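Topology and contacts: notes
For reference, the chains in residue letters:
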Amino acid sequence: MNKYLEQLIELSKLDREIDDFGPRITKVEKMLKLSLDKEKELKTQSDVFSADISDAKLKKAKNEAHLAELSAKLKDLSKKSALVKTAKEIKALQLEEEISKEQCDFANEEIARLDKMIEIKGQNIAGVQEKLSLAASEAETIRASIDGQMQQIEQERKDVYGKKEALVSEMSQKILTFYQKIRKWAENTTVVPVRKQACYGCFMRVNDKTYASVLKQDDIITCPHCGRILYKETEVLEA
Ligand SMILES: [Zn+2]
């Protein structure tokens, strides 16, 4: 095979690998973000339950204050009842007493309901806390794995850059400029294989003469339609 063509195939492979590092890093970072988001969500849930408990306690205190008022009022009413004389007055007092007792019942029911709610929300918080500690240890594991993956990527990146540097230093400036000019628009499809006599950059069929030259591999051939550099598919892929 033409030495320049060989270099170009290798260079395009290295450039592709270099471009793949970005998405690989993004993917790893996304994993970490997902685990952190989960922790954050659980914390928010726990905060909501805590706020509900505070609210219920406040309502409970109001009901208790109301109960105290009602009990004072009932005492007052029973004192008054000893003093009233007419049937009308007695009836009015009885009515007032009944209403106050009803209000007492209602306040007591409300307090019982709030107590139950406080208890349930407390259990909810305990459940969330349990999940939270699980999520935290999971995040820790992920972080450790991510650190490993990042180190791996960093190492691979160094290797690929090293290889590219070595390759570029061996290449002719003219060929390099030619490659870079195409790469500006073709990006990672600057050097493409020919499959079934079609350019794998633009997918157009190449003429017989171009195809024959590509198969010979002793010159740098570009696609007559798009201008990408063409090469013969390796045996491994054809097999
Ligand atoms: Zn083409």
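Residues numbered from 1 in each chain as written. Predicted model: local features only at pLDDT ≥ 70, side-chain atom pairs only at ≥ 80, totals over all residues. Heavy atoms only, no water.

**Observations regarding the domain arrangement of the chain**
Domain parsing of the chain yields domain 1 (3-171) and domain 2 (174-238). Computed from C-alpha atoms alone, the centre-to-centre distance between domain 1 and domain 2 is 56 Å. Overall, the association of domain 1 and domain 2 removes approximately 1,200 Å² of surface from exposure, summing both partners, and the carbon and sulfur fraction of that is 72%. In this structure, the connection of domain 1 to domain 2 is made through 2 salt bridges. Counting every contact that joins domain 1 to domain 2 gives 4 residue pairs in polar contact (both at pLDDT 80 or more). Of the residues that constitute the side of domain 1 that touches domain 2, the class distribution is 7 nonpolar, 1 polar and 3 charged. (Domains from an automatic or database assignment. Buried area = accessible area lost by both parts, 1.4 Å probe. Salt bridge = Lys/Arg side-chain N within 4 Å of Asp/Glu carboxyl O. Polar contact = N/O pair within 3.5 Å; in protein donor to acceptor, adjacent residues only side chain to side chain. Nonpolar A, V, L, I, M, F, W, Y, C, P; charged D, E, K, R; others polar.)

**Things to note about the coordination of the zinc ion**
As a benchmark, a tetrahedral metal site with four donors has ideal angles of 109.5 degrees, while an octahedral site with six donors has ideal angles of 90 or 180 degrees. The zinc ion binds to the protein through C199 (SG), C202 (SG), C223 (SG) and C226 (SG), with metal-donor distances spanning 2.2 to 2.3 Å. The coordination sphere of the zinc ion comprises 4 donor atoms, whose angles at the metal cover 104 to 115 degrees; the geometry is tetrahedral. When the donor residues of the zinc ion are listed from N- to C-terminus, their spacing reads C-x2-C-x20-C-x2-C. Residue classification places C199 among the buried positions, given a relative accessible area of 0%. In this structure C202 comes out as partly exposed when scored by relative accessible area, which is 24%. (Donors = N, O, S within 2.8 Å, 3.2 Å for Na, K, Ca; no water. Tetrahedral: all angles 85-135°; square planar, octahedral: opposite > 155°, others 65-115°. Buried < 20%, exposed > 50% of the residue type's maximum accessible area, 1.4 Å probe, protein only.)

**Structural notes on the sheet that holds strand β4 (residues 229-232)**
Ordered in space as β2-β1-β4-β3, the 4 strands form an open sheet in which the pairing is mixed. With partners counted over all chains shown, the strands left at the sheet margins are β2 (198-199) and β3 (221-222), one partner each. Two strands pair when backbone bridges link them, and β3 and β4 are joined in this way by 2 bridges, in the antiparallel orientation. Within β4, the position partnered with I221 by the bridge is L230. Against the sheet, helix α1 (residues 3-83) touches β1 (191-195) and β4, its axis set at about 105 degrees to β4. Packed on one face of the sheet, helix α4 (residues 208-216) meets β1, β3 and β4 and runs near 60 degrees to β4. (Pairing = 2+ DSSP bridges. Helix = DSSP H or I, 4+ residues; strand = E, 2+ residues; numbered from the N terminus. Contact = heavy atoms within 4.5 Å. Axes fitted to C-alpha atoms, helices over the stretch in contact; angles between N-to-C directions.)

**Focus: the packing of α1 against helix α3 (residues 173-186)**
One can describe the packing of α1 onto α3 by two numbers: an axis separation of 11 Å at closest approach and a directional angle of 45 degrees. In terms of their interaxial angle, α1 and α3 are classed as oblique. For the pair α1 and α3, the crossing hand works out as right-handed. Contacts between α1 and α3 involve Y4, L8, L11, S12, D15 and D19 from the first element and I175, L176, Y179 and R183 from the second. Tallied by class, residues from the contact of α1 with α3 come to 6 nonpolar, 1 polar and 3 charged. (Parallel < 35°, antiparallel > 145°, perpendicular 65-115°, else oblique. Left-handed = near helix turned anticlockwise from the far one by under 90°.)

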